[in-house]
Amino acid sequence: MRIIRSLLLLTGLLIAHFSPAQFRSRAVRWTADGNATLSSAKNAIIRTDVRTGTETELVSAAELTPTGGKAPITVADFAFSRDSSTVLIFTNTARVWRYNTRGDYYVLTRPKPGTSGTLRQVGAKQPSQSMLYAKLSPDGKRVAYVSKSNLFSEEIATGKTTQLTSDGTRQRINGTFDWAYEEEFGCRDGFRWSPDSKQLLYWQVDASKIRDFLMIDNTDSIYSYTIPVEYPKVGESPSPTRLGVVSATGGTTKWLTIPGDAAQHYLVRAEWFPTANPAGNELIVQQLNRKQNESIIYICQPAKNLVTPIFTETDKAWIDIKARWDRDDPTGWEWTNGGKSFLWVSEKDGWRHIYLFSRDGKTQTLLTPGNYDMAELERIDEAGGYVYFTASPDNATQRYLYRVPLNGSGKLERLSPANQAGTHGYDVSPNGQVALHTFTNSTTPPGRSWVRLPDHSPLRSGTSPGRPTQARGKNIRFFTVTTTDNVTLDGWMALPPAFDSTKRYPIVFQVYGEPAAVTTNDVFSAGNNDLFVGDMLKEGYIYAALDNRGTPALKGAAWRKSIYRQIGRMNIRDQAMGARALFARHSFIDTSRVAVWGWSGGGSTTLNLLFQYPDIYQTGIAVAAVANQLTYDNIYQERYMGLPQENREDFVAGSPISHVKGLKGNLLYIHGTGDDNVHYANAEMLVNELVKYNKMFQFMAYPNRSHGIFEGAGTRQHLSTLYTEFLKKNCPAGGR
C-alpha cells in the first residue's frame, strides 16, 4: 500500500544523501568533501559549488556520446569511483513495480593528460533494459550488476564478465528481492561490495514455494492472458531468504549460517564492516522473526563460518524497520569511528531514539534522551562530532532539524528557525556545514534554500526563501479534539473562503488510519484535494482530516502500537468518535451531509466507517481498498495483526466485508484490475457481499491500472471527474 501512503505524505521534501559508489533515490549528490553537488543537466554532468553557485562541467555531452553515435546517452543516474577516474551511468530505464530500477549501464573512463576517455556499455550481451543496481567496486576496477535474477561481475579495463550465480529464475532471485520485500521493507538493491573489492555479499530469495497471484489482462490481446506475481498472502510462510558471499572473480558461494528457520525469518539489513579486522572481512546482519517482534543483530565471519549474536530486542507488538526513518538506504548501516561503532535506532524505552553501539554491542549510549521521537536520520558528522536528525518534540504534525553530540555528552539542539513553524526537511552535507533546506506549512508552498549550519543562515545571496508568499484565501485550522474514549486526536479543517459561521456546510473527511501514514502533517497539501475537479473549498465544502491511534505520528511507541491486532476496529472508532466530537464543537457542520474518502488503507478505513457508523457518514468514496485483510501480503498484515493461524477472528472483525450489511448511505468503489499491491480480488469479494445483502452502490474498475490508477490516456481526468460528480450528487456543496 506504499504508493498511496506516499501520496498522503506529499510535501516535496524527498531529499537525502548520496554514496559515490552506488545509486540512491534522493535529490542531492554530494561530493565527498561536502563543498559541492553533482547533477546531470544539458546532456552533461555538472559540479556546482554550494557556496558560490559556480558550475563546472565534469563530463561533457561529447564524452557521453557512444562511438558512432549521433547523440549523447540520456543520464538517468550516475556514480563516480572514489578517485573520480570512472563514471558509471544508468540509462534507458524501465519500471519495476514502483520505480525505474531496470535499464542499461555505461562506464566512462575519464581521460588522463594526453589521452582520450572511453565510453562503453556494461553487460553488452545482456538483454536491453535487463540490468539492475550496477555499482562500482571500491577500488574502481570492477562493476557488479544483476540481470535476470543472477549476479555478474565485470572488469572495467577489459570488459571480461564473470557470472557469479547461475540458478536465478523468476522465483529464485539473486542480488535483489521479491515483491513483498521491496514493498514492505524497502529492500531493492540486494548485493554489497566488500571494502577490499574482492567479494560480494548478496541476498537470495527463494520464492519458488510462494503461490502466484494471477492478474488478468483482458484488453491488450484478443485472448486474455495472466500476469503472475509471486505474492505471499497473510498466513503464508515468508520466502526463505539467505545471505551468501562470493568472490568477485567467481567460485562457490559461502552461505552464512544464520540461526533459525529461513522460512520463518526475514533478513532485512546487512552490510560489510567498513574495514577488515585481522580475522578478515566481517559482516553485520539484522534478522527479524516472522511476527517481526524480535530483532537480532549478528556479526558474521564468512571465512570462519562464525555467526555471533550481539543484540536482541523484543516487543509485544512489532519492531519497526529502518525504512521508517531512512528512505535513503533501508538495508545499510550507519558506521562511526571506522567501524568500531555504529548508530542504532530503537523504541525499547517507549520512544524512537538514536543509540551509539560499540562494534560488539556491549556498550550502548543513548544519544537522544527525552520523551520525544526522532523522525528521520539526516547525517552523521564525525569530524564535527554530531548526528543530525529531524524531530518535533512539541507538535507531532511538524518537523525540525536537531543535532546531538555523538559521544552522548550534550543536550538536544534545535537548528531550524524559531519563526518558521511547519515542516522542515534537510539534506546535510557530509561535512555538516551546509544543507539544502526545504520548508512548507499549511499556507506556504514548499520552498528550498541553501543554508549554513549550525546557525541556519543563508549560504549565499538569492538562496534563502525568506518568507515565501502565502497562499491567499486558504482558511485552514489545526486543532486537537478529545473523544468520549478520552483519546486526543490531531486534525485540520479547511473552510470555504467565503465562510459564514451562521450557515451549515457539508464536510468531507480524508482518511488513512493505518500504521503506514498520517494525514494531519502541517504541509501545504493539507486542505487540498487533488482528485476534486475545481476548487473544493470554493464550491462550499469543509475539508478535514483526523489521525487516530495507530498512525505513525511522533507520539511515542504506545500511541503507534496500540492498534496491534486492532486494525479495522480501533482506528475506525477513533475516527468516528473524533467526527462526533468535532460536530459537537461546531454548529456550522451539517451532519446530514458528511462524506469520507480514502485510498488503499484509507479506502479500507472509508468502507469500515460507512459500514460500521452509517449514522455518521452518509457518503463514501473508497479507492483500491483492502476489503478483506486475509488477501494482503504477509509482511505488512502480520506485522500489525499477528498470524491468522492464531487470531483469525481479529482479521475477520477488522475487514470491511464483515460489516457490509451496515451500509445505508452512498458508496462509490474504485479499483484497478492490474493492481499488484492491493489485488483486484478485493473488489469482487466486496461486490459479492454487497449483492448478497441487496446493497446499492456505484462501482468503477479501471482495466490494467496499477495501485496508483494513473496509466493510460485520460485515466486521471476520468477518475477525477467520476470522484467529483459522485461527491456533488450525493453530498451537495454549499452553505445553507
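Residues numbered from 1 in each chain as written. Predicted model: local features only at pLDDT ≥ 70, side-chain atom pairs only at ≥ 80, totals over all residues. Heavy atoms only, no water.

Peer 1: What is the right way to read the nonpolar core from this model?
Peer 2: Soluble globular proteins tend to pack their nonpolar side chains together in the buried interior. By size, the foremost hydrophobic cluster in this structure holds 50 residues, and its most contacted members are Met 493, Ile 507, Phe 509, Phe 611, Tyr 617 and Leu 686. Setting aside residues up to four positions removed in sequence, Ile 507 forms contacts with Ile 542, Ala 544, Leu 582, Phe 583, Ile 589, Arg 593, Val 594 and Ala 595. (Core = buried A, V, L, I, M, F, W, Y, C linked by side-chain atoms within 4.5 Å. Buried < 20%, exposed > 50% of the residue type's maximum accessible area, 1.4 Å probe, protein only. Contact = heavy atoms within 4.5 Å.)

Peer 1: Would you mind showing me how to read the packing of aromatic side chains here?
Peer 2: Remark: the centre distance and the inter-plane angle together describe each pair of aromatic rings, the angle taken between the planes. Taken as a whole, this structure holds 35 aromatic pairs when the rule is applied. Judged by centre distance (5.4 Å) and plane angle (10°), the rings of Tyr 145 and Phe 152 are stacked. Here Tyr 145 and Phe 152 have matching classes, each one buried. Taking 5.3 Å as the distance between ring centres and 85° as the angle between the ring planes, the aromatic pair formed by Trp 597 and Tyr 723 counts as edge-to-face. On the criterion of sequence distance, the pair formed by Trp 597 in strand S39 (residues 589-599) and Tyr 723 in helix H10 (residues 715-730) is long-range, its members being 126 residues apart. Overall, Trp 597 belongs to the buried group, its relative accessible area being 9%. Aromatic rings pair up to connect Phe 273, Phe 311, Trp 333, Trp 335, Phe 342, Trp 344, Tyr 355 and Phe 357 into one cluster. (Phe/Tyr/Trp six-rings, centres within 6.5 Å; stacked < 30°, edge-to-face > 60°. Helix = DSSP H or I, 4+ residues; strand = E, 2+ residues; numbered from the N terminus.)

Peer 1: Hey, could you run me through the state of the cysteines in this one?
Peer 2: By definition, a disulfide links the sulfur atoms of two cysteines through a covalent bond. Throughout the structure, instances matching the rule amount to zero disulfides. Of all cysteine sulfurs, the one in Cys 300 lies closest to Cys 187, which takes part in no disulfide; the gap is 16 Å. Relative accessible area serves as the criterion here: at 0%, Cys 187 is assigned to the buried category. (Disulfide = S-S within 2.5 Å.)

Peer 1: Please explain helix H7 (residues 634-641) as it appears in this structure.
Peer 2: Within an α-helix, residues lying three or four positions from one another point in the same direction, as the helix has 3.6 residues per turn. Among the eight residues in H7, eight count as buried, and that is most of the element. Among the residues of H7, Asn 634, Ile 635, Tyr 636, Gln 637, Glu 638, Arg 639, Tyr 640 and Met 641 are the ones counted as buried. Sitting at the amino-terminal end of H7 is Asp 633, which places a side-chain oxygen 3.0 Å from the backbone nitrogen of Ile 635. Where H7 ends, the next residue or the one after it, Gly 642, has phi of about 85°, a positive value. (Polar contact = N/O pair within 3.5 Å; in protein donor to acceptor, adjacent residues only side chain to side chain.)

Peer 1: So what exactly am I meant to see when it comes to the sheet that holds strand S33 (residues 434-441) here?
Peer 2: Within a sheet, neighbouring strands are paired by backbone hydrogen bonds and run either parallel or antiparallel to one another. Taking strand neighbours across the sheet as the criterion, the three strands line up as S32-S33-S34 in an open arrangement whose pairing is antiparallel. Edge strands, defined here as strands with exactly one partner in the open sheet, are strand S32 (423-428) and strand S34 (444-452). Across the sheet, the mean angle from the axis of one strand to that of its neighbour is 20°, orientation sign disregarded. (Pairing = 2+ DSSP bridges. Axes fitted to C-alpha atoms, helices over the stretch in contact; angles between N-to-C directions.)

Peer 1: Mind showing me how you'd approach the packing of helix H5 (residues 570-585) against helix H6 (residues 601-612) here?
Peer 2: Geometry of a packed helix pair, given as the angle between the helix axes and the separation of the axes. Where H5 contacts H6, the axes come no closer than 10 Å and their chain directions differ by 65°. Regarding the angle of H5 to H6, the classification is roughly perpendicular. Crossing hand, H5 versus H6: right-handed. From H5, Asn 571, Ile 572, Gln 575 and Ala 576 reach across to H6, where they touch Thr 605, Asn 608, Leu 609 and Gln 612. Each residue belonging to the contact of H5 with H6 can be placed in one class, and the counts come to three nonpolar, five polar and no charged. (Parallel < 35°, antiparallel > 145°, perpendicular 65-115°, else oblique. Left-handed = near helix turned anticlockwise from the far one by under 90°. Nonpolar A, V, L, I, M, F, W, Y, C, P; charged D, E, K, R; others polar.)

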